[in-house]
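# Examination of the molecular architecture
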2 protein chains.
Amino acid sequence: MGDLPSWNEGRAKQAIVDFVGCVTTTGPDYVSENERVAVFDNDGTLWCEMPVPVQAFFANDRLRALAPKHPEWKTTEPFKSQLAGDMKGVMATGLKDIAELTMATHAGMTTDEFVEIVRDWLFSAKHPKLNRAYTSVIYQPMLEVLEYLRAQQFSTFIVSGGGVEFMRVFAEDVYGIPPQQIVGSTIKTHFEFDDGKPVLVRDPALDFFDDKAGKPVAINKYIGRRPIACFGNSDGDREMLMWTTLGRPDGLPSFGLIVHHTDAEREFAYDRQHVLSGQLDKGLDEAEKYGWVLADMKKDWKTVFPATAKTANQS
Amino acid sequence: MGDLPSWNEGRAKQAIVDFVGCVTTTGPDYVSENERVAVFDNDGTLWCEMPVPVQAFFANDRLRALAPKHPEWKTTEPFKSQLAGDMKGVMATGLKDIAELTMATHAGMTTDEFVEIVRDWLFSAKHPKLNRAYTSVIYQPMLEVLEYLRAQQFSTFIVSGGGVEFMRVFAEDVYGIPPQQIVGSTIKTHFEFDDGKPVLVRDPALDFFDDKAGKPVAINKYIGRRPIACFGNSDGDREMLMWTTLGRPDGLPSFGLIVHHTDAEREFAYDRQHVLSGQLDKGLDEAEKYGWVLADMKKDWKTVFPATAKTANQS
């Protein structure tokens, strides 16, 4: 079986193969291995973000678990709407408010305790529409892109609006991406040393929201090297696509790809309309102008989800 | 030639070799390759930080270069003292103020421009006492530790109070540590897109000061995995030594080492006294209690600096 077996022959697949061939073959476009950095958005690019991102489902379940200890949430927004199941009310507040609500429900424990909470949830919860574990609503064609790039000595990074410590629980087992290659939104933590035991405590305050113009900022801060390949699916990825592909002073070749959600049957179809996460409006207009490849989920992908589910290691 | 040739036989060298042997050999203390994370402080651990850290020399030179455009600095502290050569006046303000002064003199240009400024400086400046390029006031025995660990599939990270974007200019060529494995202090940046050319602009505001209790916070945020080995030299490294070696819920074996600057002849001798950067007071008292190895620069190191200087690639 050749490379990228879940991709149909077509412009998108060919563009990936051509780019990788070009930067790994001796010649004017050759790029040294240490410069082969590829960045991937997560929600909507590596796994499903509809009807809401997976972390929003987690936040919702966690809110319900914590609600008995927080009677004040019954009368305070956005907790009130969320607990009442009014997703539209919550969605109206926008992604940043959601992130803050998420952070608030994710704080007050140590980093080690948080990992256990997320791990337990990932093993019990299922996507309500797709009826699969969340760690298997990942995109098989994108797993193949990750593996294909790594086989050519690319370093693969996630650069996501999602929480870093949420993603790290499963990303190494599910995507093969280790914790130090995951960039995302963060909440503040602080160090405590009690009884000879050091801990980091998660505080209910946003440290950094890794979306839109924040993505190149975070890429520079965490990775410190301009990626030569960038994969996204929404206008939240626009600035990192720009940062990767336009006006590079180093003159390195570069590649940008947008996963276009066109498949209402196998997954979801959405682009320009307002959604909690994943709106693709400017990117649809700019793709041709900037040379970004549009991958049409319906036409370009033979399969969407893996036949056999991958799971995070429950050790 | 065996491993760690610039280390004299003794407790420190033996402790390093024993630890690495133990975690890489099948048995109860074996640690899988992806968990082999080692963190290194930079100033005073990998290179000389006396009489002031290298980045302070850079800041000073940069201040002088920029002074003609900033007449107000003649009457404003800490610029006034710095320009007058009153290092004691500047040192009295403490490391965090110095960092802010440093950041202020490092801002107002793009990240690409900053790299060029640092690179040019590194190639023209020399350490005033040691009369060597700054990229060669690095410690040969520590270079050997880095190589020794990497040969055993450790990932080596810098976790320093120094500026991330300053260190990245030379750390890959000089230490073999790539940009994405460098954690440090950061200033704020913002994204701009002008004329089809995206840039990141460095703003005169501290984003994060990576020292003391900030080090485990940064390790968690950037690396996302608890190191099993930590190398430092001052009380600024105390909390990351604790985070590495004490009360680990994962039960993994761990190692902490403190470079003790005891060699006034070949380098500098300092520990408990107040210095701008590098005070080692609590650590001297706690090393035995917590099992941290003290490496005595005078006794344990055959040589201090490399015979042939390494330089950052001026391409």
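Report follows, based on the coordinates.

Parameters at a glance
Counting restarts for each chain: residues are numbered from 1 in the order of the written sequence. Just so you know, chain letters begin at A and ligand numbers begin at 1, following the order they were written in. Where totals are concerned, whole chains, interfaces and linings use all residues; where local detail is concerned, this predicted model gives features only for residues with pLDDT of at least 70, and gives and counts side-chain atom pairs only at 80 or more. Secondary structure is summarised from DSSP: a helix means a run of H or I of at least four residues, a strand means a run of E of at least two, and numbering begins at the N terminus for each. Exposure in this text rests on C-beta crowding, where 20 or more other C-beta atoms within 10 Å of a residue's own make it buried, 12 or fewer make it exposed, and counts in between make it partly exposed. The C-beta atoms are placed from the backbone. What counts as a contact here is a pair of residues whose C-beta atoms, placed from the backbone, lie within 7 Å. Overlaid copies result from least-squares superposition on C-alpha atoms, with residues included only where pLDDT is at least 70 in both. Note that Gly is not counted as nonpolar here; it falls among the polar residues with everything else outside the nonpolar set of Ala, Val, Leu, Ile, Met, Phe, Trp, Tyr, Cys and Pro and the charged set of Asp, Glu, Lys and Arg. We define a nonpolar core as a collection of buried residues of the types Ala, Val, Leu, Ile, Met, Phe, Trp, Tyr and Cys that are connected via C-beta atoms lying within 7 Å of each other. Here an axis means a line fitted to C-alpha atoms, over the contact stretch when the element is a helix, while the angle between two N-to-C directions is reported on a 0 to 180 degree scale. When describing relative orientation, an angle under 35 degrees is termed roughly parallel and one over 145 degrees roughly antiparallel, while 65 to 115 degrees is termed roughly perpendicular and anything else oblique. Crossing handedness follows the turn of the near helix against the far one: under a right angle anticlockwise gives a left-handed crossing, and clockwise gives a right-handed one.

## A word on the overall build of chain A
- If you tally the helices and strands in chain A, you get twelve helices and eight strands.
- Taken along its principal axes, the extent of the C-alpha atoms in chain A is 65 × 50 × 35 Å.
- Taking all 315 residues of chain A together, the buried fraction comes to 48%.
- Looking at chain A alone, contacts between residues at least 24 apart form 70% of all its contacts between residues at least 6 apart.

## Quick word on the relation of the copies chain A and chain B
- In screw terms, the move from chain A to chain B is a rotation of 180° and a rise of 0.0 Å along the axis, fitting with an RMSD of 0.0 Å. Seen this way, the second copy is the image of the first under a two-fold rotation axis. Relative to the rotation axis, the closest C-alpha in chain A is found at Tyr222 of chain A, a distance of 3.3 Å.
- Counting the interface residues of chain A, we find that 100% of their copies in chain B are interface residues as well, pointing to one common contact surface.

## Topic: the environment of Asp61 of chain A
All names here are of chain A.
- With respect to the helices and strands, the residue Asp61 is situated in helix α2 (residues 54–66).
- Classification of Asp61 as partly exposed rests on a count of 14 C-beta atoms within 10 Å.
- C-alpha separation for the pair Asp61 and Leu130, spaced 69 residues apart in sequence, amounts to 18 Å.
- Here Asp61 is in contact with Trp121 and Ala125, once residues within four sequence places are set aside.

## Some points on the interface of chain A and chain B
- The partner chain B presents 33 residues to the 33 residues of chain A that form the contact.
- Mapped onto the side of chain A that touches chain B, the elements with two or more residues apiece are α6 (111–124), α8 (164–175), β3 (182–194), β4 (197–208), α9 (214–223) and α10 (238–245) of chain A.
- Its residues placed into classes, the side of chain A that touches chain B shows 17 nonpolar, ten polar and six charged.

## Looking at helix α9 (residues 214–223) of chain B
Residue and element names in this part refer to chain B.
- Of all the ten residues making up α9, ten are buried; the element is thus mostly covered by neighbouring parts of the structure.
- Within the span of α9, buried status applies to Gly214, Lys215, Pro216, Val217, Ala218, Ile219, Asn220, Lys221, Tyr222 and Ile223.
- Among the residues trailing α9, Gly224 stands out with phi positive, at a value near 70°.

## Concerning the nonpolar core
- One finds Val183 of chain A together with Val183 of chain B to be the most contacted residues of the largest nonpolar core, which totals 148 residues.
- Residues contacting Val183 of chain B, with those up to four places away along its chain left out, are Phe157, Ile158, Val159, Val164, Asp210, Ala218, Ile219, Tyr222 and Ile223 of chain B.

## Quick look at the packing of α9 of chain B against helix α10 (residues 238–245) of chain B
Residues and elements named next belong to chain B.
- Relative orientation of the contacting elements α9 and α10 amounts to 50°, with a least axis distance of 7 Å. Classified by the angle between their axes, α9 and α10 sit oblique to one another. Across from Lys215, Pro216 and Ile219 in α9, the residues of α10 making contact are Glu239, Met240 and Trp243.

## Digging into the packing of helix α6 (residues 111–124) of chain B against helix α8 (residues 164–175) of chain B
All names here are of chain B.
- Interhelical geometry of α6 versus α8 gives an angle of 55° and a closest axis separation of 9 Å. In terms of axis orientation, α6 runs oblique to α8. You can see that α6 and α8 cross each other, and the crossing is right-handed. In contact with Thr111, Phe114, Val115, Val118, Arg119 and Leu122 of α6, α8 contributes Glu165, Phe166, Val169 and Phe170.
- A breakdown of the residues in the contact of α6 with α8 according to their chemical character gives seven nonpolar, one polar and two charged.

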